[in-house]
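# Fold and contact review
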Amino acid sequence: MSQDLLHISDLKVHFPVRGGILSRTRGSVKAVDGVSLQIKEGETLGLVGESGCGKSTLGKAILRLVDPTSGVIQYAGRNITQLKPRQMLPIRERVQMVFQDPSESLDPRMSVGELLMEPLVIYGKGNAVERKQWVAALLDRVGLPAKSIDKFPHEFSGGQRQRVGIARALALNPKLIVLDEPVSALDVSVQSQVLNLLRELQVELGLSYLFIAHDLAVVKHLSDRVAVMYLGKIVETAHAQDLYKDPRHAYTKALIDSIPVPDPTQKRESVIVPGEVPSPLNPPAGSAFGHRMNHPKYEETIGMEMMMGEIAPDHFVVADPCCVSEEDYKAIVF
Amino acid sequence: MSESLLEIHNLVTSFQTDRGWVRAVDRVSFDIPVGKTVGLVGESGCGKSVTAMSIVDLLPKPAGQVLEGEILFEGKDLRQVSDRELQKVRGGQIGIIFQEPMAALNPVHRIGKQLVEAIRLHQKISHRNALKKALSLLTEVGIPAPEERLSAYPHQLSGGMRQRVMIAIALSCDPKLLIADEPTTALDVTVQSQILDLIQKLQKERGMSTLLITHDLGVVAQCTDEVVVMYAGRIVERARTTELFAHPRHAYTQGLLASIPRLDREPQTELPTIPGQVASITDFVHGCRFCQRLEREDADPDERPTIKNIAPMHSVENCPLCVTLTPQYDVPRPVTHL
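Since we're looking at a predicted model, the values are computed, not measured.

This part covers the overall build of chain B. A count of helices and strands for chain B gives 12 helices and 12 strands. For chain B, whose C-alpha radius of gyration is 21 Å, the value lies close to the compact-globule estimate of 20 Å for 338 residues. For chain B, the spread of C-alpha atoms along the three principal axes comes to 65 × 50 × 40 Å. Within chain B, the fraction of its 338 residues that count as buried is 53%. In chain B, the share of contacts with a sequence separation of at least 24, taken over all contacts with a separation of at least 6, comes to 66%.

Here it is in C-alpha cells:
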C-alpha cells in the first residue's frame, strides 16, 4: 500500500456573507463542509458534482489559494493548513493546478516562453540556457511545436492553450496536480486529445491528480477512485468501476442516470431529479439531497450527524437514511 | 416520406472580416420534417449556430449576411419576405431558445412583463389575457409558484428556471418550429435532463418540429429523429439518428463518435482521437476540409466533394478519402451491463 500523498481531514471552508450598513457578518456560505479525502502517490482521484457544490473551492483550498476555516490538509505527511505564504513556496513547487479556462488563466501579454519561464525564475531554477532547454522540453512533452515559444496565447486554439496551461503546471516537476475542469471548455475531439495527454504524463512522470469535473464519463475515463460531492460534502467514494457499476447513494445514481447515453438504441427512461442544488447560503437542515427529493424520511434527518461508512472494500457512503438503502444504512450505523 | 416544414437549399452565410468575406456556412442544404426533431451537431465554430441564426435572420448585421440560397418555411422563402412579415414569423411561428438564458432575458424587467411583451407582440389580446396566458405557460413549463415568479427578475431565478422561462417565451405564440441553440449546455446534468424532458414533452403535445443544435452526442442520441453533422461550415453527413450512430460513414462522424468518453463502456487506456484541429476559417480550402485537418497529401484541395445518397435517408459528403468501406475510426459497441 503506497503512502497518502495528500490527506485531508474534516476540511471546512466557509465564506462570510456581509451585509447591511455596518457590513456585519450575516451568515456564511459553507462551500466545503467537513470533507475528508486521501490521494495516494500516482493515483487519480476524480471529484464530481454539480456547479456550486464546492468542488473548485476544495481544489483551491489544497493549494491554500483560499484559506480553510478548519480541518487539516497534509501533504506528504506534513500539515500545511497553517503555513505562512513563504513556507508554502516549497509546497506549491510540488502541488500545481490547471484551470478550466486557459484563455483566462494565461496572461495574454506574455509569450508562451515567458509563461513557462516564469515559475522557473520565481523558484530560481537553473541559468538562462538551462531554462530555455527545459521550456523546449516542456513544449515537446505536451505536444506543442518548438516554434510556439514565441507565440502568444491568443494565437492558439483552445486545446493548444490548455496544453500550455498543463506545461506551465509541469514546469516545476510537481508531484500532485489539481486539475479543475481541464477539458470542460474543449470540443469533444480535442477533449480526447487532452485526456490522453494527461494520462500519458501521469504514467511517464508518476504524477498524482485531483481531477475535478462535472462530467462523469470524463471522470470515469481518467480516475482510479471517484468522490461524489453534493452541497459541500462528500456523499460517496469508491473505485471508479465500483461507483459506476454499483452506486449506493441516491445522488450518485441520479447523476449517472441523468447523463444522456450516446446511443439511440439505449433510450433510458431517465429518472428525473426534481429541483436544483439548494443554495449553500441557506442549506436544508437535514439531508440535503433528501430535501431535494422530498423524501418522506427527511424530517428524521434534521440535525442528524451523518458519518461515512465502508459498505464494501474501499467503497464509502454517507449514512443518510434518505439516500442509501436500509441495509447499507444499518450496516454503517450499527 | 413526411412533409417538410422547413427546407434549406444551398445556404451561404458570410461574415466580413479584416481579411475580406469569409463563408461561415458554405452551401448547406437540409430540411426539417413536420413534427420531427432534427439535431444539428458539430464542434464550436462549425457554423451550426450561424445556420440557425440565418434561418430567423438574427445575424449580427452588417458583418454577417446570407448571400445565397433559399430558406423555405412552409413553402415561403424567408429571404424574400418583407421585414415586417419576417418579424411575424420570428417569435410567432418560429420560437427560439438560446444557450445562455441570463444573456437572453432582460435583467431589468420582470419575468411577467417579458412574457406579456412577447405574447402581445404577436397576438391581439388584452394585457389581462396575456398575463393569464403567461401564467398558464409558466405552469406548463413546470415552474413552481408561477404567480410569484411573474413578478420576479431573472437574477432571482436559478439557471434551470431561467431556461424554463425562455422556453415559455419561445412557446408563447404556439410556434410550429422551435429552434433550440444549445439549450442545456450551461446547465448541470440533473437539470439538463429535466429541460430536455420538458422540450420533448411539449413537442409531442404541440406537434412542433424542433431544430436542436448541440455539440453533445448524448443529447443527440436521446432526443432527435434525424441528425445533420456539420464540419467547417459544411454538412458532412446526414441520416436518421439510429442509422447514423449504427453506421457512421464519414470519417469525421466516426471520429466524433469514437472519441467521446462513455459511461457505458469499460474505460480504455487511450481514447481514439482525431488528430489536428479545425483550420482557421480564413484558411479553409475548397476541397474536403476534414482532409485538410488531417493534412492528407493525396487530397485535392480544390475539388469540393459532392453530397451522395448512400442509403435511404442517409447522405454523406462523398470525399473518397473520408468515406471508405472500412471505417477509419472504430466506433466500439457499448458493453451491455452497467
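All names here are of chain B. Taken as a whole, chain B is organised into domain 1 (4-231) and domain 2 (250-338). Placing a centre on the C-alpha atoms of domain 1 and another on those of domain 2 gives a separation of 28 Å. Listed as interface residues are 13 residues of domain 1 and, on the opposing side, 14 residues of domain 2. In this assembly, domain 1 packs against domain 2 so that about 1300 Å² is buried in total across both faces, 62% of it on carbon and sulfur atoms. On the surface where domain 1 and domain 2 come into contact, there are three salt bridges. Residues aspartate 26 and arginine 289 are paired through a salt bridge, measuring 3.1 Å at the closest nitrogen-oxygen approach.

All names here are of chain A. With antiparallel pairing, the four strands of this open sheet are ordered in space as S2-S1-S4-S5. Where the open sheet ends on each side, the last strands, each with one partner, are strand S2 (24-40) and strand S5 (78-79). In this structure, strand S1 (residues 4-19) lies alongside strand S4 (residues 70-75), joined through five bridges in antiparallel fashion. Paired with lysine 12 across the two strands is serine 70, which belongs to S4. Against the sheet, helix H1 (residues 55-62) makes contact with S1, S2 and S4, and its axis sits at roughly 115 degrees relative to S1, the strand it touches most.

Our focus in this paragraph is the interface of chain B and chain A. Contacts between the two partners involve 50 residues from chain B, matched on the other side by 41 residues from chain A. In total, chain B and chain A occlude about 4000 Å² of area from one another, counting both sides; carbon and sulfur atoms represent 54% of this. Summed over the shared surface of chain B and chain A, the result is zero salt bridges. Viewed at the interface, chain A and chain B are joined by 14 residue pairs in polar contact (both at pLDDT 80 or more).

With that settled, the discussion passes to the pattern of salt bridges. Under the counting rule described, the total for this entry stands at 29 salt bridges over all chains. Between glutamate 204 of chain A and arginine 141 of chain A there is a salt bridge, and its shortest N-O distance comes to 2.8 Å. Here glutamate 204 of chain A is found in helix H7 (residues 188-205), whereas its partner arginine 141 of chain A is found in helix H5 (residues 128-141), with 63 residues between them in sequence. In this structure, the salt-bridge partner of arginine 238 of chain B is aspartate 31 of chain B, at a minimum N-O distance of 2.9 Å. With arginine 238 of chain B in strand S10 (residues 234-240) and aspartate 31 of chain B in strand S2 (residues 20-33), this residue pair connects regions lying 207 residues apart in the sequence. Here the two residues arginine 238 of chain B and aspartate 31 of chain B agree in accessibility, since each one is buried. Three or more residues are tied together by salt bridges with common partners; here these are Arg23, Asp26, Arg27, Glu68, Arg234, Arg289 and Arg304 of chain B.

Let's shift gears to the nonpolar core. Core analysis: the biggest nonpolar cluster contains 66 residues, and Ile166 and Phe211 of chain A have the highest contact counts within it. Ranked by residue count, the leading element in this core is H7 of chain A, at six residues. Non-local contacts of isoleucine 166 of chain A, meaning those with residues more than four positions away in its chain, are made with Val98, Val142, Val194, Leu197, Leu198 and Leu201 of chain A. Core analysis: the next-biggest nonpolar cluster, separate from the first, contains 37 residues, Ile97, Ala130, Met208 and Val219 of chain B among them.

Let's shift gears to the confidence of the model for chain B. Mean pLDDT over chain B: 90, with 96% of residues reaching 70 or higher. For this predicted complex, the interface score ipTM comes out at 0.82, while the overall pTM is 0.87.

As used here, a disulfide is simply a covalent bond connecting the sulfur atoms of two cysteines. Enumeration according to the criterion identifies zero disulfides over all chains in this entry. Here cysteine 53 of chain A stays free of any disulfide, with the sulfur of cysteine 323 of chain A as its closest cysteine sulfur at 15 Å. Judged by its relative accessible area of 1%, cysteine 53 of chain A is buried. Residue cysteine 288 of chain B stays outside any disulfide, its sulfur separated by 3.6 Å from that of cysteine 322 of chain B, the closest cysteine.

Take the side chain of threonine 37 of chain B next. Inspection of the secondary structure puts threonine 37 of chain B in strand S3 (residues 37-41). In contact with threonine 37 of chain B, not counting residues within four places along its chain, are Gln203, Thr210, Leu212, Cys223, Thr224, Asp225 and Glu226 of chain B.

A separate point is helix H4 (residues 112-122) of chain A. Count 3.6 residues to each turn of an α-helix, and residues three or four apart come out pointing the same way. Residue and element names in this part refer to chain A. Taken as a whole, H4 has its buried residues at Val112, Gly113, Leu115, Leu116, Met117, Pro119 and Leu120. Close packing links the buried residues of H4 with H5 and helix H6 (158-170). Of the residues flanking the end of H4, it is glycine 124, one or two places downstream, whose phi is positive at about 60 degrees.

With that settled, the discussion passes to the pairing of strand S1 (residues 4-17) of chain B. Residue and element names in this part refer to chain B. Summarising the sheet, S1 and S2 pair through 11 bridges and their orientation is antiparallel. When the bridges of S2 are listed, valine 12 appears paired with aspartate 26. Linking S1 back to S2 in an antiparallel pair, the connection comprises two residues. Bridge count for S1 against strand S4 (residues 64-73) is eight bridges, and the pairing is antiparallel. Its bridge partner lying in S4, threonine 13 is registered against valine 66.

So, how was this worked out
- Residues numbered from 1 in each chain as written.
- Chains lettered and ligands numbered in written order.
- Predicted model: local features only at pLDDT ≥ 70, side-chain atom pairs only at ≥ 80, totals over all residues.
- Heavy atoms only, no water.
- Helix = DSSP H or I, 4+ residues; strand = E, 2+ residues; numbered from the N terminus.
- Rg over C-alpha atoms; globule rule 2.2 N^0.38 Å.
- Buried < 20%, exposed > 50% of the residue type's maximum accessible area, 1.4 Å probe, protein only.
- Contact = heavy atoms within 4.5 Å.
- Domains from an automatic or database assignment.
- Buried area = accessible area lost by both parts, 1.4 Å probe.
- Salt bridge = Lys/Arg side-chain N within 4 Å of Asp/Glu carboxyl O.
- Pairing = 2+ DSSP bridges.
- Axes fitted to C-alpha atoms, helices over the stretch in contact; angles between N-to-C directions.
- Polar contact = N/O pair within 3.5 Å; in protein donor to acceptor, adjacent residues only side chain to side chain.
- Core = buried A, V, L, I, M, F, W, Y, C linked by side-chain atoms within 4.5 Å.
- pLDDT = per-residue confidence, 0-100.
- Disulfide = S-S within 2.5 Å.

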